[in-house]
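# Working through the structure, step by step
What follows is the residue order along each chain.
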Amino acid sequence: MTEISTELSKKLSDAVEKMPAFPKSVQRILELSRDINCPPKELVSVIEKDPVMTMKLLRTLNSAYYSFPKQINSINHSIVFLGLNTIKNMALSIAVIGALPQHNTAGYDIQRYLMHSLITASLARLLCQKFNKDGTDPGDCNLAGLLHDFGQIVFAQFLPEEFKKALSYSTDNNVPLYIAEQHIIGVDHSRVGAMLVERWQFPKNLSDAIRHHHDGTSVHSTLHGCLFVADQLSKHKTLSSGSDGVPNELPPAMADRFGGNLNEIIVQLGDLSNVVAEAQAFAQTSKEIQS
């Protein structure tokens, strides 16, 4: 990891400290979901005690995309149709979206960012379900996908002028945004994102995966590997997510761990059209709810 100046380190720490706290209800959902003996009703109870999350979740479930035969009126009712894990992941997505700013002076496209994050989260979860060898929770991979680029939000909010220059540099020089950030700011969003999830008191394996999500030279963990590959897959022409740049060929360590190049992995995962469609519907519904 590149050393940074004391001045830049303080600037980044101050920016991270200004970010809103992550909802305690989400922390509790994650704690409970890691206990295989946790009764589903306990998770439901935690969600229902957060009235804002419950309202947003029910509005999303009753949107045109899902088209259930009758209106969903409770979290318990929703589990009958989609299952507990899906509802948990949706609740986490809503919490992450709730932490996004509606406006920023850097001119950063939040909806584009959101699409990339939602698609990466779904792909990371699918990769974990298929290639998991060590008991890693697919839900953790989903959360890593949702949060992996959140350092960009910190930049857009609290270092807007520098970030705006990085966005322009990336476009003008046709380089990935994280390279432009390193050039303009002196550090990229992966480091700041890791700092943020540490402040939010998420587990170390999550912050490590986010910190290294642009490094594919080795597979630090299943969580890191799934996140790295999902981030590249989300840029594939069949899964256009509005992310910056184009996918790179997988480094040998990643290709060996996941059974081939990006095209071969897509074949193994099967039809992914629903991943994009669901992300689009979720992003649109969330935009309507926020407005």
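In case you missed it, the structure is sitting above this.
Residues numbered from 1 in each chain as written. Predicted model: local features only at pLDDT ≥ 70, side-chain atom pairs only at ≥ 80, totals over all residues. Heavy atoms only, no water.

## Describing the overall build of the protein chain
Counting its regular elements, the protein chain contains 17 helices and zero strands. For a compact globule of 291 residues, the expected C-alpha radius of gyration is about 19 Å, and the protein chain comes in at 19 Å, within 12% of that figure. Across its three principal directions, the C-alpha atoms of the protein chain cover 55 × 40 × 35 Å. By residue count, 52% of the 291 residues in the protein chain fall in the buried class. Put simply, the protein chain shows about 13500 Å² of open surface, and 50% of that area lies on carbon and sulfur atoms. (Helix = DSSP H or I, 4+ residues; strand = E, 2+ residues; numbered from the N terminus. Rg over C-alpha atoms; globule rule 2.2 N^0.38 Å. Buried < 20%, exposed > 50% of the residue type's maximum accessible area, 1.4 Å probe, protein only. Areas by Shrake-Rupley, 256 points an atom, 1.4 Å probe, with all protein chains shown as cover.)

## Quick look at the environment of Thr54
Secondary-structure assignment places Thr54 in helix H4 (residues 51–61). Classification of Thr54 as buried rests on a relative accessible area of 13%. The spacing of Thr54 and Ile75 is 21 residues in sequence and 7.3 Å in space, taken between C-alpha atoms. In contact with Thr54, other than residues within four places in its own chain, are Ile47, Glu48 and Ile75. Polar side-chain contacts of Thr54 include one of 2.8 Å to the backbone oxygen of Ile47. (Contact = heavy atoms within 4.5 Å. Polar contact = N/O pair within 3.5 Å; in protein donor to acceptor, adjacent residues only side chain to side chain.)

## What about the packing of helix H14 (residues 222–233) against helix H16 (residues 262–269)?
Relative orientation of the contacting elements H14 and H16 amounts to 100 degrees, with a least axis distance of 11 Å. Judged by the angle between their axes, H14 and H16 are roughly perpendicular. Only Leu262, Ile265, Ile266 and Leu269 of H16 make contact with H14, whose side of the interface consists of Val229, Gln232 and Leu233. Tallied by class, the residues present in the contact of H14 with H16 amount to six nonpolar, one polar and no charged. (Axes fitted to C-alpha atoms, helices over the stretch in contact; angles between N-to-C directions. Parallel < 35°, antiparallel > 145°, perpendicular 65-115°, else oblique. Nonpolar A, V, L, I, M, F, W, Y, C, P; charged D, E, K, R; others polar.)

## Section: the packing of aromatic side chains
Taken as a whole and judged by the stated rule, the model has twelve aromatic pairs. With a centroid separation of 5.2 Å and an interplanar angle of 70 degrees, the aromatic rings of Phe22 and Phe202 are classed as edge-to-face. You can see Phe22 sitting in the loop between helix H1 (6–18) and helix H2 (24–33) and its partner Phe202 sitting in the loop between helix H12 (189–199) and helix H13 (204–211), a full 180 residues away along the chain. Both residues of the pair, Phe22 and Phe202, belong to the buried class. (Phe/Tyr/Trp six-rings, centres within 6.5 Å; stacked < 30°, edge-to-face > 60°.)

## Some points on unusual backbone geometry
With a phi angle near 55 degrees, Asn174 is a residue other than glycine that sits in the positive phi range. Relative to the helices and strands, Asn174 is located in the loop between helix H10 (160–173) and helix H11 (177–184). Given the relative accessible area of 72%, Asn174 is considered exposed. Located in the positive-phi region is Gln201, a residue other than glycine, with phi close to 65 degrees. Tracing the sequence through the fold places Gln201 in the loop between H12 and H13.

## Description of the pattern of salt bridges
The full count for this structure, using the stated rule, is seven salt bridges. In this structure, Lys204 and Asp208 form a salt bridge, with 2.8 Å as the shortest nitrogen-oxygen distance. In this pair, Lys204 and Asp208 both sit in helix H13, four residues apart, roughly one turn of the helix. One network of salt bridges, in which partners are shared, links Glu198, Lys204, Asp208 and Arg211. (Salt bridge = Lys/Arg side-chain N within 4 Å of Asp/Glu carboxyl O.)

## Describing the nonpolar core
Within the largest apolar cluster, 94 residues are counted, with the highest numbers of intra-cluster contacts made by Leu127, Leu147, Phe150, Phe202, Val229 and Leu233. Per-element tally for this core: the top contributor is helix H7 (residues 110–131), with twelve residues. Among all residues touching Leu127, those that are not within four sequence positions of it are Asn132, Cys226, Val229, Ala230, Leu233, Phe258, Ile265 and Leu269. (Core = buried A, V, L, I, M, F, W, Y, C linked by side-chain atoms within 4.5 Å.)

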